[in-house]
Amino acid sequence: MDEFLEAALQEAKKSSAQGGIPIGSVLVNDGKIIGRGHNQRVQKDDPMAHAEIDCLRNAGRIGSYKGTVLYSTLMPCYLCGGAVVQFEIKKVIVGESRTFEGSEEFMKQHGVEVINLDNNKCITLMQDFIEKNDDLWFEDIGK
(Lines give C-alpha, C1' and ligand atoms only; values in the text may rest on other atoms or scores of the structure.)
Protein backbone atom coordinates (compact mmCIF):
# COMPACT_ATOMS: atom_id res chain seq x y z
CA MET A 1 0.00 0.00 0.00
CA ASP A 2 1.11 3.55 -0.73
CA GLU A 3 2.87 4.94 2.38
CA PHE A 4 0.80 8.12 2.34
CA LEU A 5 -2.51 6.28 2.03
CA GLU A 6 -1.31 4.07 4.89
CA ALA A 7 -0.71 7.22 6.98
CA ALA A 8 -4.23 8.44 6.14
CA LEU A 9 -5.60 5.03 7.12
CA GLN A 10 -3.82 5.31 10.49
CA GLU A 11 -5.56 8.67 10.98
CA ALA A 12 -8.90 7.02 10.18
CA LYS A 13 -8.21 4.37 12.79
CA LYS A 14 -7.42 7.10 15.36
CA SER A 15 -10.86 8.57 14.77
CA SER A 16 -12.47 5.16 15.13
CA ALA A 17 -10.60 4.52 18.41
CA GLN A 18 -11.95 7.86 19.69
CA GLY A 19 -15.54 6.89 18.86
CA GLY A 20 -15.58 8.94 15.66
CA ILE A 21 -16.08 8.33 11.98
CA PRO A 22 -13.10 6.44 10.47
CA ILE A 23 -11.95 8.84 7.77
CA GLY A 24 -8.34 10.04 7.62
CA SER A 25 -6.30 12.41 5.50
CA VAL A 26 -2.73 13.58 5.00
CA LEU A 27 -1.29 16.48 3.01
CA VAL A 28 1.99 15.81 1.22
CA ASN A 29 4.49 18.31 -0.14
CA ASP A 30 7.78 17.31 -1.80
CA GLY A 31 7.36 13.70 -0.67
CA LYS A 32 6.83 14.60 3.02
CA ILE A 33 3.69 14.68 5.13
CA ILE A 34 3.08 18.26 6.27
CA GLY A 35 -0.39 17.77 7.74
CA ARG A 36 -2.46 14.94 9.20
CA GLY A 37 -6.07 14.82 10.22
CA HIS A 38 -9.08 12.67 10.89
CA ASN A 39 -12.80 13.15 11.11
CA GLN A 40 -13.62 14.65 14.50
CA ARG A 41 -17.26 15.62 14.09
CA VAL A 42 -18.30 13.39 16.99
CA GLN A 43 -15.29 14.04 19.22
CA LYS A 44 -15.49 17.85 18.93
CA ASP A 45 -19.26 18.12 18.37
CA ASP A 46 -18.29 20.10 15.26
CA PRO A 47 -20.06 19.46 11.95
CA MET A 48 -17.14 21.07 10.06
CA ALA A 49 -14.44 18.81 11.54
CA HIS A 50 -14.07 16.54 8.51
CA ALA A 51 -10.79 14.66 8.01
CA GLU A 52 -9.56 16.80 5.12
CA ILE A 53 -10.44 20.06 6.91
CA ASP A 54 -8.69 18.82 10.08
CA CYS A 55 -5.67 17.89 7.96
CA LEU A 56 -5.50 21.33 6.32
CA ARG A 57 -5.87 23.04 9.71
CA ASN A 58 -3.03 20.95 11.10
CA ALA A 59 -0.81 21.73 8.10
CA GLY A 60 -1.29 25.41 8.88
CA ARG A 61 -0.57 28.32 6.61
CA ILE A 62 1.96 27.19 4.03
CA GLY A 63 1.50 29.92 1.44
CA SER A 64 0.63 28.11 -1.77
CA TYR A 65 -0.92 24.65 -1.76
CA LYS A 66 -0.49 24.21 -5.52
CA GLY A 67 2.36 21.69 -5.22
CA THR A 68 0.69 19.57 -2.56
CA VAL A 69 -1.15 16.27 -2.83
CA LEU A 70 -4.09 15.49 -0.54
CA TYR A 71 -4.67 11.87 0.42
CA SER A 72 -7.96 10.76 1.93
CA THR A 73 -9.27 7.33 2.82
CA LEU A 74 -12.68 8.29 1.40
CA MET A 75 -13.72 10.44 -1.56
CA PRO A 76 -14.02 14.00 -0.22
CA CYS A 77 -17.50 15.44 0.22
CA TYR A 78 -18.46 18.78 -1.32
CA LEU A 79 -17.27 20.70 1.76
CA CYS A 80 -13.81 19.15 1.51
CA GLY A 81 -13.78 19.17 -2.30
CA GLY A 82 -14.56 22.88 -2.07
CA ALA A 83 -11.51 23.38 0.17
CA VAL A 84 -9.39 21.48 -2.38
CA VAL A 85 -10.61 23.76 -5.16
CA GLN A 86 -10.34 26.93 -3.03
CA PHE A 87 -6.72 26.23 -2.07
CA GLU A 88 -5.83 25.07 -5.60
CA ILE A 89 -4.67 21.62 -4.56
CA LYS A 90 -4.20 19.99 -7.96
CA LYS A 91 -4.07 16.32 -6.99
CA VAL A 92 -6.18 14.21 -4.64
CA ILE A 93 -5.50 10.52 -4.05
CA VAL A 94 -8.42 8.64 -2.54
CA GLY A 95 -8.67 5.27 -0.84
CA GLU A 96 -12.19 4.56 -2.08
CA SER A 97 -15.51 5.91 -3.28
CA ARG A 98 -17.69 2.79 -3.18
CA THR A 99 -19.30 3.74 0.13
CA PHE A 100 -19.54 7.46 -0.77
CA GLU A 101 -19.27 9.05 -4.22
CA GLY A 102 -18.50 12.51 -2.84
CA SER A 103 -17.34 15.39 -5.00
CA GLU A 104 -15.14 13.62 -7.56
CA GLU A 105 -16.81 15.19 -10.60
CA PHE A 106 -16.88 18.63 -8.96
CA MET A 107 -13.14 18.50 -8.27
CA LYS A 108 -12.38 17.24 -11.78
CA GLN A 109 -14.48 20.03 -13.29
CA HIS A 110 -12.21 22.45 -11.43
CA GLY A 111 -8.98 20.97 -12.78
CA VAL A 112 -8.13 18.62 -9.92
CA GLU A 113 -6.59 15.27 -10.80
CA VAL A 114 -8.46 12.66 -8.75
CA ILE A 115 -6.94 9.20 -8.41
CA ASN A 116 -9.13 6.56 -6.80
CA LEU A 117 -7.12 3.59 -5.53
CA ASP A 118 -10.24 1.51 -4.71
CA ASN A 119 -8.33 0.14 -1.72
CA ASN A 120 -9.85 -2.88 0.04
CA LYS A 121 -8.69 -1.80 3.53
CA CYS A 122 -10.41 1.57 3.11
CA ILE A 123 -13.56 -0.04 1.69
CA THR A 124 -13.78 -2.61 4.50
CA LEU A 125 -13.17 0.02 7.19
CA MET A 126 -16.06 2.17 5.96
CA GLN A 127 -18.43 -0.72 5.21
CA ASP A 128 -17.93 -2.14 8.72
CA PHE A 129 -18.47 1.28 10.28
CA ILE A 130 -21.63 2.03 8.26
CA GLU A 131 -23.07 -1.39 9.06
CA LYS A 132 -22.71 -0.74 12.82
CA ASN A 133 -23.36 3.03 12.85
CA ASP A 134 -25.76 3.85 10.05
CA ASP A 135 -27.46 6.72 11.96
CA LEU A 136 -24.13 8.44 12.61
CA TRP A 137 -23.03 7.84 9.01
CA PHE A 138 -26.20 9.31 7.51
CA GLU A 139 -25.84 12.32 9.82
CA ASP A 140 -22.27 12.77 8.57
CA ILE A 141 -23.24 12.76 4.91
CA GLY A 142 -26.31 14.93 5.47
CA LYS A 143 -29.05 12.36 4.75
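Structure first, text after, so check above.
In short, a report on the structure. The structure displayed is predicted, hence computed values, not measured ones.

What counts, and where the lines are drawn
Just so you know, the residues in each chain are numbered from 1, in the order the chain's sequence is written. Note on the predicted model: pLDDT of at least 70 is required for a residue's local features to be given, and 80 or more for side-chain atom pairs to be given and counted; whole-chain, interface and lining totals, by contrast, use all residues. The side-chain numbers reported here are obtained from all heavy atoms of the structure, hydrogens and water having been left aside. In this text, helices come from DSSP runs of H or I with a minimum length of four residues, and strands from runs of E with a minimum of two, each type numbered from the N-terminal end. When accessible area is computed with a 1.4 Å probe and restricted to protein chains, residues below 20% of their type maximum are described as buried, those above 50% as exposed, and intermediate ones as partly exposed. One requirement defines pairing of two strands: DSSP has to find at least two bridges between them. Here an axis means a line fitted to C-alpha atoms, over the contact stretch when the element is a helix, while the angle between two N-to-C directions is reported on a 0 to 180 degree scale. Throughout, a contact is declared for two residues whenever any of their heavy atoms are within 4.5 Å. Nonpolar core, defined: a set of buried Ala, Val, Leu, Ile, Met, Phe, Trp, Tyr and Cys residues in which side-chain atoms within 4.5 Å join the residues together. Whenever two N or O atoms come within 3.5 Å, that pair is a polar contact, provided that in protein one can donate a hydrogen and the other can accept it, and provided that, for residues adjacent in sequence, both atoms are side-chain atoms. Put simply, a disulfide is two cysteine sulfurs that come within 2.5 Å. Charged residues are defined here as Lys and Arg on the positive side and Asp and Glu on the negative side; His and the ends of the chain fall outside this count. Take a side-chain nitrogen of Lys or Arg and a carboxyl oxygen of Asp or Glu: if they are within 4 Å of each other, that pair is a salt bridge.

Concerning unusual backbone geometry
Its identity as a non-glycine residue notwithstanding, D30 has a phi of 50°, on the positive side. Position of D30 among the secondary structure elements: in the loop between β1 (24-29) and β2 (32-38). You will see that D118, though not glycine, has its phi angle at about 45°, which is positive. Secondary-structure assignment places D118 in the loop between β5 (113-116) and α6 (120-132). Look at D118 and you get partly exposed, because its relative accessible area is 32%.

Let's talk about the sheet that holds strand β4 (residues 91-94)
Spatially, five strands are ordered β2-β1-β3-β4-β5 in an open sheet, and the strand pairing comes out mixed. Here the strands that pair on one side only, and so sit at the sheet edges, are β2 and β5. Between one strand axis and the next, the sheet turns by 20° as a mean value, whatever way the strands run. Across the sheet, helix α3 (residues 51-59) touches β1, β2 and β3 (69-72), and the angle it forms with β2 is around 135°.

Description of the nonpolar core
Nonpolar side chains tend toward joint burial in soluble globular proteins. By size, the foremost hydrophobic cluster in this structure holds 28 residues, and its most contacted members are L27 and W137. Elements with a minimum of two residues in this core: α3, α4 (78-86), β4, α6 and α7 (134-140). Sort the elements by how many residues they give to this core and α3 lands first, with five residues. Once you skip the residues sitting within four places of it in the chain, L27 turns out to touch K32, I33, I34, G35, C55, L56, A59, Y65, T68, V69, L70 and I89. Counting 12 residues, the second largest nonpolar core, distinct from the first, contains L5, V69, Y71 and L125.

Brief notes about the pairing of β2
Strand residues, when the strand is regular, have side chains that alternate between the two faces of the sheet. Where β1 lies against β2, six bridges are found, and the strand directions are antiparallel. Bridge assignment links G24 to a residue of β2, and that residue is H38. Where β1 folds back onto β2 in an antiparallel hairpin, the turn is made up of two residues, including D30, whose phi is positive at roughly 50°.

Focus on α3
Among the nine residues that make up α3, seven are buried, leaving the element largely enclosed by the rest of the structure. Just downstream of α3 lies G60, where phi reads positive at about 80°.

Topic: the side chain of N119
Tracing the backbone shows N119 in the loop between β5 and α6. At 3.0 Å, the side chain of N119 and the backbone nitrogen of C122 are in polar contact.

Observations concerning the state of the cysteines
A covalent bond between the sulfur atoms of two cysteines is what we call a disulfide. Summed over the entire model, instances satisfying the criterion amount to zero disulfides. C80 supplies the cysteine sulfur nearest to C55, a cysteine that is in no disulfide, at a spacing of 10 Å. Looking at C80, it has no disulfide partner, and the nearest cysteine sulfur is the one in C77, 3.8 Å off.

Some words on the side chain of E96
Looking at the element boundaries, E96 is found in the loop between β4 and α5 (104-109). Look at E96: it is buried, it has no salt bridge, and the nearest opposite charge is R98 at 6.1 Å. Apart from the residues lying within four places of it in its own chain, the contact partners of E96 are T73, L74, M75, N116, D118, N119, C122, I123 and M126.

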